[in-house]
Amino acid sequence: MKLLIKNIGILAGIHEAGKRCLAGAEMGELPKIEQAYLYAENGRIADYGSMDQLPEVATDTTIVDAEGGAVLPSWCDSHTHIVFASSREHEFVDKIKGLSYEEIAQNGGGILNSADRLHELSEDELYVQAMKRVDEVTRKGTGCIEIKSGYGLNTEDELKMLRVIRRIKESTKLKVVATFLGAHAVSRPYIGRQSAYVDLVINEMLPAVGKAGLAEFVDVFCDKGFFTPEETARILEAAAQYGMRPKIHAEELAASGGVEIGVRYGALSVDHLESMTEATIEQLRGSQTMPTALPGTSFFLNMPFALGRKIIDSGLPLVLASDYNPGSTPSGDMKFIVSLACIKMRLMPAEAINAATLNGACAMGLSQDYGSITRGKVANFFITDPLPSIDFIPYAYTTPIVRRVFLQGEEV
């Protein structure tokens, strides 16, 4: 298939081939061309340039007029939990009444509540629910997404979740990667026997997931009240036997050692970081581990925001992701995440957009093919309404701007 997008007002997010991620000052660079075209062939970006250099195309080319709208690479959301059984708005009311995230969990809510409900649903029911959320985020411009298990908390239900994620991979043009998160919490039958639950994850869940080839990554909720760095290390060492690279929940509720253990075991990313300290930032220096902020969680739970500004000023990369889940962030709107990063974390618009595109792809191991307007990359992008500037995207934080979405060079 051949595709030409013409009359693009602003073509933004252009980066050179081979760029794994952006760090420090270069995160503020968002190269663009005004009055541009984009040409894709066989699902990949073949060329782009200014309209005065518009080439002739074959008669079988699909031609789309952007009508002055901007074109940006699709959002790359590297941290979500969008396979879940039902919403948890009653906990939202509990939060308004003043209960903390930990208090809700201690009262039987939170992750364990989601696990109870997921157990009752069939694989088909879970898939239908999840696809509604997939369609939602696709319409809002997301083209790459990571999806975690972690609401099963037993072998059968964790496998059920991962099979649903595999069905999503097979039935959508989104690029989907799967993460096994059996160590999201200790399941109800194992409360008070956490070490035994870790043994279950290592000796039963991981071999089953690995044998079925259902996950590229492994995650552990390494934090106060959940899993210790020592338990996390045990799980990561076991997962390595099945080729699963770590992506760690770290430093959300406390400075818990999650970042240090992630770096030690070569985690692709350490995510949350709401309780990260400046000293912890230094632990990332010289590593390939991507610090990932989830500002939607901070917003929804009234928690501190990650030190995104300090991370970038320290010369490190930064990733932004949604954390879309039923308890702490019931939204996968990456445009809003970009706005929050600018408003609450003091990122510049270009920094926030890079963190949500190329760096997000890097946090899934996908930046070779996704996350920027680059010749040879997969043609995942969206067309907006005409914009006065790229800065308008985070500025107009509730204004819908995405007009048309293209994945693998085809409109969806």
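Look up a bit, the structure's there.
*Asks:* For this particular structure, what's the right way to read the overall build of the protein chain?
*Replies:* Looking only at helices and strands, the protein chain features 15 helices and 16 strands. Against the 2.2 N^0.38 benchmark of 22 Å for 412 residues, the protein chain shows a C-alpha radius of gyration of 21 Å, consistent with a compact globule. Across the 412 residues in the protein chain, those meeting the buried criterion constitute 59%. Contacts spanning at least 24 positions in sequence make up 73% of the contacts within the protein chain whose residues lie at least 6 apart. When the accessible surface of the protein chain is split by element, carbon and sulfur atoms take 49% of a total near 15,700 Å². Here the protein chain contributes 40 positive and 53 negative side-chain charges, whose respective centroids are spaced 1 Å apart.

*Asks:* What exactly am I supposed to notice about the side chain of Glu 251 here?
*Replies:* You can see Glu 251 is positioned in the loop between β10 (245-250) and α8 (258-264). Here Glu 251 occupies a buried position and makes no salt bridge, while the nearest side chain of opposite charge, Arg 264, is found at 11 Å. In this structure the side chain of Glu 251 is engaged in a polar contact, spanning 2.8 Å, whose partner is the backbone nitrogen of Gly 258. Look past the residues within four positions of Glu 251 in its chain and what remains in contact with it is Cys 222, Asp 223, Ser 256, Gly 257, Gly 258, Val 259, Leu 273, Glu 274, Ser 275, Met 276 and Thr 280.

*Asks:* Please explain the pairing of strand β3 (residues 44-50) as it appears in this structure.
*Replies:* Across six bridges, the pairing between strand β2 (residues 32-41) and β3 is antiparallel. In the sheet register, Glu 41 faces β3, and the bridge partner there is Arg 44.

*Asks:* It is not clear to me how the pattern of salt bridges should be interpreted in this structure. Could you clarify?
*Replies:* Oppositely charged side chains can form a pair if their charged atoms are brought close together. Under the criterion given, the structure shown has 24 salt bridges. Ionic pairing is found between Lys 19 and Glu 26, a salt bridge with its closest N-O pair at 3.0 Å. In this structure, Asp 47 and Arg 375 form a salt bridge, with 3.0 Å as the shortest nitrogen-oxygen distance. Residue Asp 47 is found in strand β3, and its partner Arg 375 is found in the loop between α14 (358-362) and β14 (381-386); the two are separated by 328 residues along the sequence. It is possible to trace a salt-bridge network through shared partners that takes in Glu 67, Asp 385 and Arg 403.

*Asks:* Got a minute to help me understand the sheet that holds strand β7 (residues 142-148) in this structure?
*Replies:* Each strand in a sheet pairs with another by means of backbone hydrogen bonds, the pair being arranged parallel or else antiparallel. Strand order across the open sheet formed by eight strands is β6-β7-β8-β9-β10-β11-β12-β13, with parallel pairing between neighbours. Edge positions in the sheet fall to β6 (75-77) and β13 (319-320), since each has one partner strand and no second. Of the strand pairs in this sheet, strand β12 (residues 290-293) and β13 are connected by two bridges, and their pairing is parallel. Bridge pairing links Ala 293 to Leu 320 in β13.

*Asks:* Explanation requested: helix α6 (residues 194-212) in the structure shown.
*Replies:* Because each turn of an α-helix spans 3.6 residues, side chains separated by three or four positions in sequence point in the same direction. Taking 1.5 Å as the rise per residue, α6 with 19 residues should run 27 Å; its terminal C-alpha atoms sit 26 Å apart, in good agreement. At Met 205, α6 shows its maximal bend, which comes to roughly 35°, and the proline Pro 207 appears one to four places after that position. For α6, the full list of buried residues reads Tyr 197, Val 198, Leu 200, Val 201, Ile 202, Met 205, Leu 206 and Val 209. Directly beyond the C-terminal end of α6, a positive phi value near 60° is found at Gly 213.

*Asks:* Even after reading the chapter, I still don't get the nonpolar core, so can you show me in this structure?
*Replies:* Nonpolar side chains in soluble globular proteins tend to be buried together. Residues Ile 168, Phe 180, Phe 227, Ile 235, Leu 320, Met 345 and Ile 390 are the most contacted members of the largest nonpolar core, which totals 104 residues. Contacts of Phe 227, omitting those with residues within four sequence positions, involve Ala 183, His 184, Ala 185, Val 186, Gln 194, Tyr 197, Val 198, Val 220, Phe 221, Cys 222 and Thr 232. Membership of the second largest hydrophobic core comes to 18 residues, among which are Leu 3, Ala 36, Ala 40 and Ile 373.

*Asks:* When you look at the packing of aromatic side chains in this model, what are you seeing that I'm missing?
*Replies:* For any two aromatic rings, the description comes down to two numbers: the centre-to-centre distance and the angle of the planes. Scanning all chains against the criterion turns up nine aromatic pairs. Seen in terms of ring centroids, Phe 84 and Tyr 324 are 6.5 Å apart; in terms of plane orientation they differ by 65°. Their pairing is edge-to-face. Here Tyr 324 lies in the loop between β13 and α12 (334-345) and Phe 84 lies in the loop between β6 and α1 (89-97), a separation of 240 residues in the sequence. For the residue pair Phe 84 and Tyr 324, the accessibility class agrees, reading buried in each case. Consider the rings of Phe 299 and Phe 336, whose centres lie 5.3 Å apart with planes at 85°: the pair is edge-to-face. In this pair, Phe 299 is assigned in helix α10 (residues 295-301) and Phe 336 in helix α12, connecting sequence segments 37 residues apart. Every member of this aromatic cluster is reached through a ring pair, and the members are Tyr 190, Tyr 197 and Phe 227.

Here is what the cut-offs are and how they apply
- Residues numbered from 1 in each chain as written.
- Predicted model: local features only at pLDDT ≥ 70, side-chain atom pairs only at ≥ 80, totals over all residues.
- Heavy atoms only, no water.
- Helix = DSSP H or I, 4+ residues; strand = E, 2+ residues; numbered from the N terminus.
- Rg over C-alpha atoms; globule rule 2.2 N^0.38 Å.
- Buried < 20%, exposed > 50% of the residue type's maximum accessible area, 1.4 Å probe, protein only.
- Contact = heavy atoms within 4.5 Å.
- Areas by Shrake-Rupley, 256 points an atom, 1.4 Å probe, with all protein chains shown as cover.
- Lys, Arg positive; Asp, Glu negative; His and termini not counted.
- Charge placed at Lys NZ, Arg CZ, Asp CG, Glu CD.
- Salt bridge = Lys/Arg side-chain N within 4 Å of Asp/Glu carboxyl O.
- Polar contact = N/O pair within 3.5 Å; in protein donor to acceptor, adjacent residues only side chain to side chain.
- Pairing = 2+ DSSP bridges.
- Expected span 1.5 Å × (residues − 1).
- Bend = angle between axes of the 7 residues up to and from the residue.
- Core = buried A, V, L, I, M, F, W, Y, C linked by side-chain atoms within 4.5 Å.
- Phe/Tyr/Trp six-rings, centres within 6.5 Å; stacked < 30°, edge-to-face > 60°.

In short, shape yes, function no, at least from these values alone.
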